[in-house]
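Next come the chains, spelled out residue by residue.
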Amino acid sequence: MCGIVGYVGSQSALDVVMAGLKRLEYRGYDSAGVAVLADGGLAAAKKAGKLVNLEKALVEGPLPTGSTGVGHTRWATHGGPTDGNAHPHLDNAGRVAVVHNGIIENFAVLRAELAERGHELTSETDTEVVAHLLAEEFSATGDLAEAMRLVCRRLEGAFTLVAVHADAPDLVVGARRNSPLVVGVGEGEAFLASDVAAFIAHTRSAIELGQDQVVELRRDGVTVTGFDGRPAEVRSYHVDWDASAAEKGGYDYFMLKEIAEQPKAVADTLLGRIDPSGSLTLDEVRISPQELREVDKVVIVACGTAFHAGLIAKYAIEHWTRMPCEVELASEFRYRDPILDGRSLVIAISQSGETMDTLMALRHAREQGSKVLAICNTNGSTIPRESDAVLYTHAGPEVAVASTKAFLTQLVACYLVALYLGQVRGTKWGDEIQAVIRDLSRISEEVDRVLETMEPVRALARTLAAKDTVLFLGRHVGYPVALEGALKLKELAYMHAEGFAAGELKHGPIALIEEDLPVVVVVPSPRGRSVLHDKIVSNIQEIRARGARTIVIAEEGDEAVVPYADHLIRIPATPTLLQPLVATVPLQVFACELATARGNEVDQPRNLAKSVTVE
Ligand code: F6R
C-alpha cells in the first residue's frame with residue numbers, strides 16, 4: 001500500500017524517482033507526487049490519479065534538476081485521492097518534504113497540538129503532521145536524522161517515512177515501523193524504496209531495515225540507527241532477480257505475463273527441495289524435528305488468494321499427516337481469542353510478506369508460544385523475518401495486483417510443507433513422499449498444456465462481458481478453487497461472482513439460478529473418490545434443469561460430464577489433491593479476459609493495492 005522511493009547520487013533524482021514509482025505503481029495508484037532538492041531549495045509536484053497525470057503535470061511545469069529526491073504513489077487511507085492529499089507533504093515554509101506509507105494513529109492529537117502552535121495544515125491526511133513536526137525538530141537540532149528519530153518516537157501506528165530537507169542537501173532520511181522499506185546501495189548513490197523493484201535497474205545490492213530504525217542515505221554511504229539513536233546492525237543481501245523480471249516482456253499486462261510464467265514458477269519452487277538422501281528440505285527452519293513431532297494441530301492464517309491456498313493446504317495436511325488443520329482469515333484471527341499453545345504450528349501464507357493482517361496474526365500466535373512457519377514470495381520481508389521457519393516460493397516478482405503465479409507456488413509450498421510434516425512425523429513413507437514429488441514435478445508441464453488451450457476460454461469470456469453475475473461451484477479441493485475463481489472475477493471484472501461448495505447450493509444459493517446464468521463448475525477427478533464426482537455431476541444437472549448455462553472444468557477423459565456441459569474446459573488428469581494447480585489456471589485466464597472485454601484496468605483494478613500494509 002503506497003509506494004515510496006528516495007534517491008541521492010549523481011543522476012537526475014526526478015528521473016530515478018519517476019522510474020521507481022512506475023515500478024511501484026502496483027502498490028497504490030490514486031495519486032502520485034515527487035520532491036527534489038535543487039538550487040538550495042525544495043521543489044515538489046503532485047497530482048491525483050495515476051502516475052501518468054503527474055508525468056503530464058511535470059511536462060507542463062518542469063521541476064529544477066537536482067540529485068536528491070523522494071516520490072510517492074498513493075493508496076488513500078486518510079483523505080480522498082485529491083491533489084492536496086497526495087504526497088509529498090511539506091511544512092509551511094516549504095523546506096521539508098515527507099512521503100509516508102501506513103497509518104499514524106495519533107495524528108488527530110498531534111494535529112491539534114500543531115494547530116495550537118500556529119501551524120496551518122491544509123490536507124486531510126495523517127501524514128502532513130509529520131512534515132510539520134520534522135520542520136520543528138530540524139530547526140531545534142539542525143540534524144534531519146535526529147529530527148526523524150524524535151518525531152518517530154512520538155508516532156503511534158505503522159509507518160514508513162522518507163524525508164528530505166532543503167537545508168540538508170545530499171541527504172535522504174527514512175524510518176520504518178511495521179511497514180516495508182529497503183535500501184539499495186550503488187556506486188556513489190543510494191536508494192530507498194518500498195520494494196527492491198524500484199531500484200533493481202541500478203543496483204542489486206540491498207540492505208534490510210529492521211523495525212524502529214532510521215536510515216540516512218548519502219552518496220558515499222548509509223547509516224542506520226534505532227529510534228533511540230543507537231547504531232544498528234546492518235544486514236545486506238543480494239537481490240537474485242534482475243530488472244527484466246519486473247518488466248512486461250511483450251505482454252499487454254503484467255497479469256498475462258505472470259499467468260504465462262506459472263510453469264516456470266511452479267518448477268522453480270520445487271527446485272532443490274530434495275536432498276541426495278531423498279529427504280525434503282525447507283529454506284530456513286528454526287523449528288526442530290522434535291518440536292514438529294510434538295505439534296498437535298496446524299493453523300493456517302492468510303488473506304485473499306493466499307487464504308484460498310491455505311484452504312487447499314488443509315486437505316493435504318490432514319490427509320498426509322492425520323493432524324487437524326484449521327484455516328483462518330488473518331484479519332479475524334487474533335480477535336476471536338484462538339486456542340493456541342506451544343504445540344500449535346501456525347503457517348502464515350503471504351506473497352508480499354508485508355500484509356498487516358497476516359503479520360499481526362503471526363505475532364499473536366508467537367505471543368501464545370506457537371511456532372510460526374511462513375510461506376512467502378518476498379525475500380527479506382517482514383513476515384518471514386518474524387517467523388521461526390520459512391519456505392520461499394520462487395515465483396519471482398508479482399506485479400499485477402491480482403495474484404496468479406504466487407497462488408500456484410503457494411500451493412506447491414503448502415504441499416511441500418504437508419509432506420515435510422509427514423516425513424518428520426513419520427506419517428508418510430519416503431517412497432510415498434517421492435511419488436508425490438514426482439507428481440508435482442510433472443505439474444509444470446501440465447500447466448503449460450493448459451495455457452496452450454486457453455483460446456476457447458478467452459472467447460467464452462468475451463461473450464459474457466455483459467452479464468451481471470457468474471457463480472462458481474466446486475467440491476473438496478475444487479471448492480477453494482471456486483472461491484478463487486470468484487475472487488479473481490470480482491476484483492478484475494467488478495462483477496457479482498460467488499463461489500460455493502456445490503453441496504451447499506441446495507441449502508439456499510440455488511435460488512440464484514435463473515435462465516442463462518453462467519455457472520462455472522470445477523469437477524473432481526472421477527479416478528479419485530468417485531462418489532465426489534458423481535455428486536457433482538448431479539449438482540450440474542440440478543442447476544441446468546433450472547436454466548443455468550454450465551461451464552464445466554473437467555479432466556481429460558471424463559466423459560460423464562459431457563451431456564451436461566454447455567461449455568467444456570478440459571484440464572490434464574492429475575492426482576486428486578493436486579488438481580487445483582491446473583484447475584485454477586482457466587479461471588485466471590477467464591477473469592483476465594472478461595475484465596479486458598469490460599474495458600477494465602487488468603493490472604490495477606479499482607480500489608485495490610498489491611501489498612496491504614494496513615489492518
Ligand atoms: C487477490 C490478491 C489478494 C492477496 C491478499 C494477500 O488476487 O492478490 O487477495 O492474495 O491481499 O496478499 P499477500 O499474499 O501479499 O499476503
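The coordinates are above.
Worth saying up front: this structure is predicted, and the values here are computed from it rather than measured. (Residues numbered from 1 in each chain as written. Predicted model: local features only at pLDDT ≥ 70, side-chain atom pairs only at ≥ 80, totals over all residues. Heavy atoms only, no water.)

Please give an account of the nonpolar core that cites residues and values.
Ranked by internal contacts, the top residues of the largest apolar core, which has 128 residues, are Val 34, Ile 347, Phe 472, Leu 489 and Phe 590. Per-element accounting of this core gives the leading share, 14 residues, to helix H13 (residues 405-425). Phe 590 has contacts with Val 457, Leu 460, Ala 461, Leu 464, Val 470, Phe 472 and Leu 489, leaving out every residue within four places of it along the chain. Val 98, Ala 131, Leu 134 and Ala 168 belong to the second-largest nonpolar core, a separate cluster that totals 30 residues. (Core = buried A, V, L, I, M, F, W, Y, C linked by side-chain atoms within 4.5 Å. Buried < 20%, exposed > 50% of the residue type's maximum accessible area, 1.4 Å probe, protein only. Helix = DSSP H or I, 4+ residues; strand = E, 2+ residues; numbered from the N terminus. Contact = heavy atoms within 4.5 Å.)

Any details on the pattern of salt bridges? Residues and values, ideally.
Considering all chains together, one arrives at 40 salt bridges under this definition. A salt bridge links Glu 216 to Arg 149; the shortest N-O distance between them is 3.9 Å. In this pair, Glu 216 sits in strand E12 (residues 213-218) while Arg 149 sits in helix H5 (residues 144-152), placing the two residues 67 residues apart along the sequence. With relative accessibility at 10%, the residue Glu 216 sits in the buried group. Across the pair Lys 297 and Glu 326 runs a salt bridge whose closest N-O atoms are separated by 3.3 Å. Of this pair, Lys 297 sits in strand E16 (residues 297-302) while Glu 326 is found in strand E17 (residues 325-329), placing the two residues 29 residues apart along the sequence. What makes Glu 326 partly exposed here is its relative accessible area of 31%. Each of Glu 113, Arg 117, Glu 136 and Arg 154 takes part in a single network of salt bridges with overlapping partners. (Salt bridge = Lys/Arg side-chain N within 4 Å of Asp/Glu carboxyl O.)

Could you give me a rundown of the sheet that holds E12, with the residues and numbers involved?
Judged by pairing direction, the sheet is antiparallel, and its 6 strands sit side by side in the order E5-E6-E7-E8-E12-E13 without closing on themselves. Lying at the two open borders of the sheet, with one neighbouring strand each, are strand E5 (89-90) and strand E13 (221-226). Across 6 bridges, the pairing between E12 and E13 is antiparallel. When the sheet's bridge partners are listed, Arg 218 is paired in E13 with Gly 221. Contacts from H5 reach strand E7 (157-165), strand E8 (172-177), E12 and E13 within the one sheet, and its direction differs from that of E7 by about 160°. (Pairing = 2+ DSSP bridges. Axes fitted to C-alpha atoms, helices over the stretch in contact; angles between N-to-C directions.)

Give me the lowdown on the site of the ligand, citing residues and values where you can.
For the ligand, the set of nearby residues contains 13 residues, the closest of which are Ser 350, Gln 351, Ser 352, Thr 355 and Glu 491. Backbone polar atom of Gln 351 to an oxygen atom of the ligand: 2.6 Å apart, as the coordinates give it. Within the side chain of Glu 491, one N or O atom sits 2.4 Å away from an oxygen atom of the ligand. Surface burial for the ligand is 89%, taken as the share of its 400 Å² of free accessible area covered by protein chains. Mapped by element, the contributors of at least two residues to the shell around the ligand are helix H9 (304-321) and helix H16 (478-493). It is H9 that contributes the most residues to the shell around the ligand, 3 residues altogether. (Near = heavy atom within 4 Å. Polar contact = N/O pair within 3.5 Å; in protein donor to acceptor, adjacent residues only side chain to side chain. Areas by Shrake-Rupley, 256 points an atom, 1.4 Å probe, with all protein chains shown as cover.)

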